[in-house]
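Examining the three-dimensional arrangement
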Amino acid sequence: MTDRIHLSKAHVTDVEEKYVLEALRSGWVAPLGPMVDRFEREVADRCGVRGALALSSGTAALHLALLDVGAAPGTAVVLPTMTFAASANAVAYTGAEPIFVDSDIDGNVDIDLLVETVGALLAEGRTIAAVMTVDLFGRCCDYTALGDRLEVLEVPLIEDAAEALGATHGDRPAGSFGRAAALSFNGNKIMTTSGGGMLLSDDVNLLERARYLSTQARQPAAWYEHTEVGYNYRLSNVLAALGVGQLERLASMIARRREIRNRYAAGLADLPGVTLLGRTDGLDDSEDNHWLTCITLDPAQVSTDPTTLMGGLDSVGIEARHLWKPMHLQPVHASRRAAVNGVSERLFATGVTLPSGSELADEQIDRVIVEIRLLLGAA
Ligand SMILES: *Cc1c(COP(=O)(O)O)cnc(C)c1O
């Protein structure tokens, strides 16, 4: 039997092995150490920000960023409905109310609807702790269209760049937009530390305060002194070593994911009603990190629906998934307020995420293409 083709598998080589061994042999096995400092420095440089804080997850980074802007009961945080649950969970941890906004054609938040929603909430007298943008599937939001529209309204921006490390928008790296940004190094992301995340910011005070909260809010005293509740959110030195190795290979992993996307584009180009997300309607995806390649199936032209396609792929050992189910359709958030325009529901109903991992060989991508064509009746 041929090996199963996964959606986005961790891609680790002897480069990572070398750094992890170095960390182990250096004796810095317990939480913090030189690899953490180095990883923070290198990621901050890569993302064009002044500082970074290595954490146990991207969710932890979002949580600390939200605490910094004062997200708390009685405040609201406006964020996209088309995202992974972690974005909304982090808001819920603070007690703030998540308010969801629908998507533009590329899946990222609809900027006009976002600004309109913020304006409406402010007009109602609501306190908005932050807007959180999400750079979906490795593609930055349209920060050009956003411009200074939030600053004018005096609403801070937090960037959930968990899926977008290495992407850019107008020559600025993902993670450099907003007051603070979160990265994720979870196992299926563009690069991994097995599990981990990072908080990025130009504001050194923000990072210092987050560093303190992430280490159980321990006061500088000879004994364990605590004046407030903290968290255990730091990344270990051994995992940071894995991250240093992955970061060294990030550019090549992005290049490989782009090749894979181009291979799908060429292999599926003649199929009517099959479109690559991010290239729809003449959009250009050259600034994406190409984390995941997604297609949409226009039901007017394709009789096979996504669930049937995924089932067929699964039966031949190929993993494919739905796009994120919008938060406003999730039972846990059913009662939340949402500004809906129909786009995210359509993308969820018609979208399929294809195997995109940088470890995949051309032959494996070709096998996925052949199976998709068979299942869509276009062999
Ligand atoms: C993966 C992800 C996160 C959370 O990252 P973890 O490291 O798994 O906590 C947050 N937001 C988005 C959009 C993600 O895809």
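Given the structure is predicted, the values throughout are model-derived calculations rather than measurements.

**What to know about the overall build of the chain**
Looking only at helices and strands, the chain features 13 helices and 13 strands. In terms of principal-axis extent, the alpha carbons of the chain reach across some 70 × 60 × 35 Å. A buried classification covers 54% of the 379 residues belonging to the chain. Summed over its atoms, the accessible surface of the chain is roughly 15,400 Å², and 53% of this surface lies on carbon and sulfur atoms. When the 32 positive and 50 negative side-chain charges of the chain are each reduced to one mean point, those points stand 4 Å apart.

**Some details on the UniProt feature "active site" (unreviewed entry) in the chain**
According to UniProt, the positions carrying the feature "active site" (unreviewed entry) are Lys-189. By secondary structure assignment, the location of Lys-189 is in the loop between β8 (180–184) and β9 (197–201). Note on Lys-189: relative accessible area 10%, which makes it buried. Contacts of Lys-189, omitting those with residues within four sequence positions, involve Ser-8, Ala-162, Glu-163, Ser-184, Arg-257 and Trp-291.

**Quick look at the sheet that holds β8**
Strand pairing in a sheet relies on backbone hydrogen bonds, with the paired strands running either antiparallel or parallel. Ordered in space as β1-β9-β8-β5-β4-β2-β3-β12, the eight strands form an open sheet in which the pairing is mixed. In this open sheet, the two edge strands, each paired with only one partner strand, are β1 (51–55) and β12 (338–339). Along the sheet, helix α2 (residues 34–47) contacts β1, β8 and β9; its crossing angle with β1, the most-contacted strand, is approximately 130°. Running over the sheet, helix α3 (residues 58–68) touches β1, β2 (75–80), β4 (127–134), β5 (157–160), β8 and β9 and is turned about 170° from β8.

**Quick word on the domain arrangement of the chain**
Structurally, the chain comprises domain 1 (14–249) and domain 2 (251–375). The distance between the C-alpha centroids of domain 1 and domain 2 comes to 25 Å. If you look at the interface, domain 1 gives 42 residues, while domain 2 gives 39 residues. Interface of domain 1 and domain 2: buried area, both sides summed, is about 3,500 Å²; carbon and sulfur atoms make up 56% of it. Looking only at domain 1, the three residues that lose the most surface to domain 2 are Ile-105, Phe-137 and Ile-190, adding up to 22% of its buried area.

**Overview of the site of the ligand**
Around the ligand lies a shell of 15 residues, among which Thr-59, Asp-160, Glu-163, Ser-184 and Lys-189 are the nearest. Between the ligand and the protein, one listed contact pairs an oxygen atom with a side-chain N or O atom of Lys-189 at 3.3 Å. When residues of the shell around the ligand are traced back to their parent elements, those giving at least two are α3 and α4 (85–94). In terms of residue class, the shell around the ligand is built from four nonpolar, eight polar and three charged.

What counts as what
- Residues numbered from 1 in each chain as written.
- Predicted model: local features only at pLDDT ≥ 70, side-chain atom pairs only at ≥ 80, totals over all residues.
- Heavy atoms only, no water.
- Helix = DSSP H or I, 4+ residues; strand = E, 2+ residues; numbered from the N terminus.
- Buried < 20%, exposed > 50% of the residue type's maximum accessible area, 1.4 Å probe, protein only.
- Areas by Shrake-Rupley, 256 points an atom, 1.4 Å probe, with all protein chains shown as cover.
- Lys, Arg positive; Asp, Glu negative; His and termini not counted.
- Charge placed at Lys NZ, Arg CZ, Asp CG, Glu CD.
- UniProt positions renumbered as here; feature names shortened; annotations may be inferred.
- Contact = heavy atoms within 4.5 Å.
- Pairing = 2+ DSSP bridges.
- Axes fitted to C-alpha atoms, helices over the stretch in contact; angles between N-to-C directions.
- Domains from an automatic or database assignment.
- Buried area = accessible area lost by both parts, 1.4 Å probe.
- Near = heavy atom within 4 Å.
- Polar contact = N/O pair within 3.5 Å; in protein donor to acceptor, adjacent residues only side chain to side chain.
- Nonpolar A, V, L, I, M, F, W, Y, C, P; charged D, E, K, R; others polar.

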